[in-house]
Amino acid sequence: MGDFREFRMSTDELTGLLDKQTFLECAQNLINTAPANQEYAFIFFDLENFKIFNANYGYEIGDELLTSIAYILKEEFEGQLISHFSGDHFVACVNTIQVIQSIKSIRDRIKLIRKSVSVELKAGIYLYDGEEKDVIKCCDRARMACISIKKKYDVGYRVYDKELGGSIQRKQSILDRLDEAIAKRYIKVYYQPIVRSFTGEVCAWEALVRWQDPIRGVVYPNEFIPVLEEYRLIQKIDMFVIDEVFGRYHREVEGRMPAVPVSINLSRIDFEVMDLVEFLETKIRQYKCPKNMFHLEITESALMDNTEHIMTQIEKLRQNGFEVWMDDFGSGFSSLNLLKNYQFDLVKIDMDFLSEFEESENDKIILKHIVSMIKNLGSHTLIEGVETKAQFDFMKSIGCEMIQGYLIGRPMPYLEGLDSMKKSGRTLETYDERIFNDEIGKIDILRQNPLQNVAHPDDDSALPLAVLVVENEVWSLKYTNQEFMETMLIFGYKDEEDIELMLNKDHKRWLQYHHFIDICAHSKKEQISESMDYISNGRIVNMRVRHMGESKEGKRDAYMVSCRLLSRFINSNYDNRITEISRSMFSLYESVDLFGIHDDFYENIYLNDSRLYTEFDEGKRKSKEVIEGICEKLVHEDDRVYFRQMFDMDTIEQRIAEEPNGATIGFFRIMDSRYNYVWKTVTLSIMHFENNDCVLCCVNEAPNEIARRMANSQQERRNLDEDSRIDAINMNPTFENILQLIPVGVFWKDRERKFLGANQMFLDYYGLQSVQEIIGKTDEDMGWHINPDAFKKDELEVINNGRTIENVRGECIVRGSVRKIAASKQPYVVDRKIVGLVGYFKDVTDELKEQEKLELLTMTDALTGLYNRRAFAEIVDKFMSQYVSDRTDFALLMIDIDKFKQINDLYGHDYGDIVLTKISRILKHVASDNSVVFRFGGDEFVILHQQKNEAELESIKLEILAELNRANQMASVSITIQLSIGVAIYSEYGNLRDCLEAADKEMYVEKEQHKKEQ
């Protein structure tokens, strides 16, 4: 390791290791003469509980243990400097920083030789990087790292870092600079938006503090707030925030621009060291502000101590006209007692309930009950920490009134926050809207029966509910639960937009519309629930309406609506009446049948002449087999193709849903009881019967006039078919046989793009029974292309210009599924004239899916799941193209992990991978919908962010560092990870190369600054 012949090598008498002085001299010489890139690690060992060991076993056995430890250290660090400093302390200086595995090995070996007393060898590590030349300080830093993990029985070692070395200095710095930071406004108030879940409008802001020191940089809230609370100085920050928020409202908002209330956080200390009520009243008088524009938040944990005094003050605040919110509900142990004993205007649910939202159904169950419970206690509800649309949609679905989180917006200075909300399309809620929406928000839609008198004790399912608001005769859905949307889907309404379209424009889709308007008006007038029953798609429906509230100016009304299927709840008298009516209705038909849509259910309900009954073999009474049997035995052969199309169970629900009256009607020649073919009317509708989705089929003989017209139409069609036979492509039988063997769909058309024929592969692909189904029709007639214009354009090029089209991709609908095909077409020429075209296609859906999977693999980083450098090259082109087209600017954030090589060397590459994964999660967590995160390579990451303003960029940077700071505090391994971040805005450079260089340069400037601070 080094030449120490000139030193007097004194050793410890007990262990044979170097004594402290000799060690210090040799180590000092090492670092004085070390090459520029030489790495050393100073390790300070402390044997915890050694005094107890000596007391139990005596000093002689204790000395034996120390001697054994010395022997183990010499074996593990052979040829390195090792010293027995004193007592149970050992120090080593080794010429590698890859020491973690050696420390683990030493600890394991000592566990084998120790007695029943639990002695633990702790290790503190200082990594020499060439900057600190004093060996005594190097040893002291290793000792500080070791001391920091005493009594932490799950931690065996720690590396010295600036977080450890600077914790005491930082705490003192916070206390020393607090007054200056307030006076010079280094402490700033940021505003994070809160939105109303069922309107999407901004209904409030939360005031949050940010400390941006010109010397120290960012001081994080979770760093300075605990210190100020510990020293009972937090009231200085809170008083400053109250003054700032009240003052800003007076100067910038009142009478000048729309505004919503601001919530201000209070500490337990505020209630103990000052007269908070008097202070607030003084500020209200000073700035002439309305109290309803401010809410006061106090965390649940702050109420744990001195509860009675604080709650007395809170009640006084409420009596004086202030709203008081409980923050972080669910984070403590006495939440329910607090809600039971005290009243809050709003309860803000802790964000930790969303931490495992995607993985755990338990969180969702708990959240449902929390929201319901809070509403029934008379408080409003808010959830913080919402980051995904799935979380937003769920909280809205359970009736949580207000939502806050990165998905909505980041904390920003007030004007920048307003601008950000405007750009994202959100507006501020007016005062009248707030009063109106607060009333709606009180409704607990999770209760079994918020409409009253609608309960059915034999049903434990949730009531299908919706909240509708009408303004100037325009209806909008503000809330729907899952059960309501599932019920609406049965009747053909696929989403909320579809329902609103029906209510506002397409009234014909719902025959009961005007009745619905009438019962709404009556409910409002009488202030009672109103209901109506009707039959739709074969189901008996009960709809109830209750007027919930009216806006102050009388322009808006809110209604709670339930829509319930009564098939399981009608009483016996009602059932008897329905039965009598049904018998009369059945007499209008000669047969009524039920065919299962998704299963093999079939039942004949009514038959007026047994001679019409068709016998089926036992076991062949499945719906599709019965339909096919009727088709073959009773339907005229010329009508069978159409009959099969009408009874196609794969498409029947969609076709009937598109009919205005919920039924489809067809006319067929069907054999009667005298074995003659007569024209009959077949009416199909959908109904739910004994847990089966069924087709209700009603058959009766067609009226004479319809029968006459159908007969005439049939004759005209036969004549037309004879006249329209075209011999443009006269293929001999041999060629037709060859076509049937080709494994692609082949077809041929005339000059009008009408089909003349197709091979069997073509027919099988589209589920066609006969080529007659397509002859004389175009693609548009068949309706199987999602975008037929592209296919039409290609075919006209072939027919008119003789062009050959090869492997053109498109999408078509095949048996209810969207498939991707590649089609080729070329002109068919007879006597030097183009008389049509011949084409073929193949299905490439599965091929493209595999290709997309492969492309995704090449575009993503295997370790972190982020986009990689190749993806960056493609995606940044899109950002630049958009900038050129509409001047949408974007920023580039270059991020690098400080001393990542050292982390790899010290803890191993597996731990390095864990660090990379952790950083990637933090970046994805902070990055919003208009940001894309990349792993650029090694320990470098890049974020592309469509920039709205510089405040947003600063907020992103601060949130990344804050999230990292929180992660460091919660880490089980005592190592601090630090990031350097450089930012460049594309518009300032105009090209990618210069923008990347600028961000990279700024990042390395910050990295150098971090080195100086250590």
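Just so you know, the residues in each chain are numbered from 1, in the order the chain's sequence is written. Residue-level local features of this predicted model are given only where pLDDT is at least 70; pairs of side-chain atoms are given and counted only at 80 or more, and the full residue set underlies all totals for whole chains, interfaces and linings. Side-chain numbers come from the whole structure's heavy atoms, not from hydrogens or water.

## Notes on the packing of helix 8 (residues 234–253) against helix 10 (residues 276–287)
Axes here mean lines fitted to C-alpha atoms, for a helix over just the part in contact, with angles spanning 0 to 180 degrees between N-to-C directions. Per the convention used, a helix needs a DSSP run of H or I reaching at least four residues, while a strand needs a run of E reaching at least two, with both numbered from the N terminus. Two elements in contact, helix 8 and helix 10, have axes whose closest approach is 10 Å; the angle formed by their N-to-C orientations is 25 degrees. With respect to helix 10, the axis of helix 8 lies roughly parallel. Viewed along their axes, helix 8 and helix 10 form a crossing whose handedness is right-handed. Residues Met239, Ile242, Asp243, Phe246, Gly247 and His250 of helix 8 pack against Phe279, Leu280, Lys283, Ile284, Gln286 and Tyr287 of helix 10. Partitioned by chemical class, the residues of the contact of helix 8 with helix 10 number seven nonpolar, three polar and two charged. An angle below 35 degrees is treated as roughly parallel, one above 145 as roughly antiparallel, one from 65 to 115 as roughly perpendicular, and anything else as oblique. By definition, any crossing whose near helix is turned counterclockwise from its far helix by less than a right angle is left-handed, and any crossing with a clockwise turn is right-handed. A contact between two residues is defined here by any heavy atoms of the two lying within 4.5 Å. Asp, Glu, Lys and Arg are counted as charged, while Ala, Val, Leu, Ile, Met, Phe, Trp, Tyr, Cys and Pro are counted as nonpolar; the rest, among them Gly, fall into the polar class.

## Looking at the sheet that holds strand 4 (residues 120–128)
Here, any two strands with at least 2 DSSP bridges between them count as paired. Sheet architecture is open: five strands sit in the order 2-3-1-4-5, paired in mixed fashion. Since the sheet does not close on itself, it has two edges, and those belong to strand 2 (81–86) and strand 5 (157–159), each with one partner. The mean angle between the axes of side-by-side strands here comes to 20 degrees, regardless of whether they run parallel or antiparallel. Two strands pair when backbone bridges link them, and strand 2 and strand 3 (residues 89–94) are joined in this way by five bridges, in the antiparallel orientation. When the bridges of strand 3 are listed, Ser83 appears paired with Val91. Contacting strand 1 (40–48), strand 4 and strand 5, helix 4 (residues 100–113) runs over the sheet at an angle of about 165 degrees to strand 4.

## Some points on the nonpolar core
Trp205, Val245, Phe246 and Phe344 are the most contacted members of the largest nonpolar core, which has 82 residues in total. Beyond its immediate sequence surroundings of up to four residues, Val245 is in contact with Val189, Tyr191, Ala207, Val262, Ile264 and Phe294. Put simply, a nonpolar core is a bunch of buried Ala, Val, Leu, Ile, Met, Phe, Trp, Tyr and Cys residues held in one set by side-chain atoms that sit within 4.5 Å of each other. Between buried and exposed lies partly exposed: a residue is buried under 20% and exposed over 50% of the maximum accessible area for its type, with that area taken using a 1.4 Å probe on protein chains only. Grouped together as the second largest cluster of nonpolar side chains are 65 residues, Ala891, Tyr911, Leu916 and Ile960 included.

## So, helix 21 (residues 623–634)
An ideal rise of 1.5 Å per residue puts 16 Å on 12 residues; helix 21 measures up with 16 Å between its terminal C-alpha atoms. For helix 21, the complete set of buried residues consists of Ser623, Val626, Ile627, Gly629, Ile630, Cys631 and Leu634. In a helix, the anticipated span is given by 1.5 Å times the number of residues less one.

## Some thoughts on the pattern of salt bridges
Just to be clear on terms, a salt bridge is a Lys or Arg side-chain nitrogen sitting within 4 Å of an Asp or Glu carboxyl oxygen. Enumeration according to the criterion identifies 47 salt bridges in this entry. Lys749 is paired through a salt bridge with Asp779; the nearest N and O atoms lie 3.1 Å apart. In this pair, Lys749 sits in strand 25 (residues 745–750) while Asp779 sits in helix 27 (residues 779–782), placing the two residues 30 residues apart along the sequence. Here the two residues Lys749 and Asp779 agree in accessibility, since each one is buried. Taking the shortest distance from any N to any O, the salt bridge between Glu1006 and Lys957 comes out at 3.1 Å. Residue Glu1006 is found in helix 34 (residues 992–1013), and its partner Lys957 is found in helix 33 (residues 950–970); the two are separated by 49 residues along the sequence. As far as burial versus exposure is concerned, Glu1006 and Lys957 are alike and both buried. Linked through salt bridges whose partners overlap, the residues forming this network are Lys749, Arg753, Asp779, Glu780, Glu795 and Lys825.

Coordinates in, geometry out; function isn't part of it.
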